[in-house]
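Residues per chain are reported as follows:
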Amino acid sequence: MSTTAETDHDEAGHLLVATAAGDREAFETLYRRTSPKLFGICLRLIPQRSEAEDVLQEIYVLVWNKASQFDPARARGTVWLAQVARHRAIDHLRARPGLRRLSLDEAPPLPSPQASPAEVTETRGTRQRIAHCIDQLEPSRGQLIRTAFFEGCTYEELAERSQTPLGTVKSWIRRSLAKLKVCLER
Amino acid sequence: MNDIHEDAFADHTQQPPDDVLAGEYALGLHSGEQRVVLERRLDSDPAFADAVQRWHAQLAPLFDEIPAHPVPAHVWASLSQRIGFNATPLKSTAPVHARPSLWNSLRFWRGFAATATTAAAICLLAVLGLHRQSSPGETPTVASTRADKAMTATLANPDGHPGYVAMMDVSEHEITLMPLDRTATPGKVPELWLLSADGHAHSIGVFDDQRSKRMPIPASLTPMFDEDAALAVTMEPPGGAPGGVATGTVVARGGITRLAFAP
């Protein structure tokens, strides 16, 4: 599953529309095609495997019940699903601060900015847009944005991890978001 | 939206402009009450919702950096139960409404035909042997009638390789399930199901993942054994699926073939 393949054929989108109509077969196909990717997202955000499995299950319960909220005119199916997954996983983290705390204590400090992976995918061209704009930021700020995205950290957690006052982190991120916005819409 | 100047962010106690706030929300930087407040705002403020959606779309390519990960089978098992796919219990012999999604839609079964041939050939020999053993001294007429009731099925794993071979002597109400290349699943046993032509699933019984096992075919199921039916195996707790409801996913599946004997 790719989140950004810009083809006219949005298979996940079609399956979501069918799922919204109560088509169980479509839902099962959707699950088989997309759950490994969404599980990857859950595992990235929630280090405890069994918790990540529970959240994955909750995500698909949500998808089954709320597929009608998917609007193919507004988002690609895979993007919508990845977004639902990340949002739900973050909700889970927020509801259990201990979970994140535990992993933060064991977590290494923020990776060095140069270490940004450039996994080559079929959607490389699209990926490069956001990656390019993040790369335009000061390296440490770009890394804050990446950490927020990939690990679902709050401002407080980012401040703790980067050993920077909360107010400073907020200002950095807000400036970075403003710059990203300009770059992305250029 | 207005142009955003860096100076606007010097005072972090001020709420940032909506575009930036939407970005913060999309990244998930908020916690507690603030997150809830913004979530409510999404419902009441379409412009803000649009701004969040734009951020989501622009950030989405980053998901490509997260590798996919195989999902354990039990997640689907409990998920499907939770959303009511298994709401109708499967009685062991009585036909009940099947869940077509579970039994029929598994596209990965396609492409199995090529790999099945060898196993089907082995199976044919096995059934012949079985048949001769079970009917010594039969007259040819009776034997050919019985041969009409000799059937076989090769059940393919999700990867398309043969996982089990089933041999059926329906006139003797007997079925043998032979595991071909199965690694035992701790705490689980293979349960065999007959998927009748009308789409219903009927439990035949619990078999063994390491050795061949012969079982009687429930009399009520005998008439349903034909070429329009299929067999499937799910992994279940010892003793079989509780209440006759399959809890595991289908690990192998294959159509039934009637054996045609040369005169």
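Going along each chain's sequence as written, the residues are numbered from 1 onward. Whichever chain is written first is A, and whichever ligand is written first is 1; the rest continue in order. pLDDT decides what is reported in this predicted model: residues at 70 or higher carry local features, side-chain atom pairs at 80 or more are listed and counted, and totals for whole chains, interfaces and linings draw on all residues regardless. Remark: hydrogens and water are excluded; side-chain values derive from all non-hydrogen atoms of the structure.

**A look at the overall build of chain B**
Working step 1: Helix and strand assignments follow DSSP, with helices taken as H or I runs no shorter than four residues and strands as E runs no shorter than two, numbered in order from the N terminus. Check the secondary structure of chain B and you find 7 helices and 8 strands.
Working step 2: The contact rule is simple, with two residues in contact once any of their heavy atoms fall within 4.5 Å. A separation of at least 24 residues holds for 61% of the contacts in chain B among residues at least 6 apart in sequence.
Working step 3: For chain B, the exposed area adds up to about 12,100 Å²; of that, 56% sits on carbon and sulfur atoms. Using the Shrake-Rupley algorithm and a 1.4 Å probe, accessible areas are obtained, with residue cover drawn only from the displayed protein chains.

**What about the interface of chain A and chain B?**
Working step 1: With 70 residues of chain A at the contact, the number on the chain B side is 57 residues.
Working step 2: Within this document, salt bridges are pairs made up of a side-chain nitrogen of Lys or Arg and a carboxyl oxygen of Asp or Glu, the two lying within 4 Å of each other. For the interface between chain A and chain B, the tally reads 5 salt bridges.
Working step 3: The salt bridge involving D50 of chain B is made with R74 of chain A; its shortest N-O contact spans 3.0 Å.
Working step 4: Breaking the side of chain A that touches chain B down by element, the ones donating at least two residues are α2 (24-45), α3 (49-66), α4 (77-95), α6 (124-136), α7 (139-151), α8 (155-162) and α9 (166-184) of chain A.
Working step 5: The element that contributes the greatest number of residues to the side of chain A that touches chain B is α2 of chain A, accounting for 16 residues.
Working step 6: Classifying every residue of the side of chain A that touches chain B gives 29 nonpolar, 16 polar and 25 charged. Charged residues are taken to be Asp, Glu, Lys and Arg, nonpolar residues to be Ala, Val, Leu, Ile, Met, Phe, Trp, Tyr, Cys and Pro, and polar residues to be all remaining types, Gly included.

**Topic: the packing of helix α1 (residues 11-20) of chain A against α4 of chain A**
Residue and element names in this part refer to chain A.
Working step 1: Running from N to C, α1 and α4 cross one another at 70°; their axes reach a closest spacing of 6 Å. Of the possible angle classes, the one that applies to α1 and α4 is roughly perpendicular. Across the interface between the two elements, A12, G13 and L16 from α1 touch G77, T78, W80 and L81 from α4. Here an angle of 0 to 180 degrees is reported between the N-to-C directions of two axes, which are lines fitted to C-alpha atoms, with helices fitted over the stretch in contact. Relative orientations are named as follows: roughly parallel for angles under 35 degrees, roughly antiparallel for angles over 145 degrees, roughly perpendicular for angles from 65 to 115 degrees, and oblique for any other angle.

**Things to note about empty space enclosed by the protein**
Working step 1: The way it works is a 1 Å grid over only the protein atoms, where trapped points that fit a 1.4 Å probe form a cavity and open points with protein on both sides within 12 Å along at least five of seven lines form a pocket, and then any residue with an atom within 4 Å of a point lines it. Grid points are joined across faces, edges and corners, and a volume is the space filled by probe spheres set on the points. Tallying each qualifying case throughout the model produces 3 cavities of 30 Å³ or more.
Working step 2: The computed volume of the largest cavity comes to approximately 50 Å³.
Working step 3: A82, Q83, R86 and F149 of chain A together with A26, H56, L59 and F63 of chain B are the residues that line the largest cavity.
Working step 4: Put simply, the parts of the chain that give the lining of the largest cavity at least two residues each are α4 of chain A together with α3 (46-59) of chain B.
Working step 5: Examining the composition of the lining of the largest cavity, we find that 3 residues originate from one element, α4 of chain A, more than from any other.
Working step 6: By volume, the second largest cavity is sized at about 50 Å³.
Working step 7: Listed by contribution, the elements that provide at least two residues to the lining of the second largest cavity are α4 of chain A together with α1 (18-27) of chain B.
Working step 8: The leading source of residues in the lining of the second largest cavity is α4 of chain A, at 4 residues.

**Observations regarding the pairing of strand β1 (residues 150-156) of chain B**
Working step 1: Relative accessible area decides the class of each residue, using a 1.4 Å probe on protein chains only: under 20% of the type maximum gives buried, over 50% gives exposed, and in between gives partly exposed. Counting buried residues along β1 of chain B, 7 of its 7 residues qualify, which places the element largely inside the surrounding structure.
Working step 2: Only when DSSP finds a minimum of two bridges between them are two strands counted as paired. In textbook terms, the turn of a hairpin is the stretch between consecutive antiparallel strands, and for β1 of chain B and strand β2 (residues 162-169) of chain B this stretch comprises 5 residues, one of which, G160 of chain B, has a positive phi near 95°.

No statement about biological role is implied by the geometric values presented.
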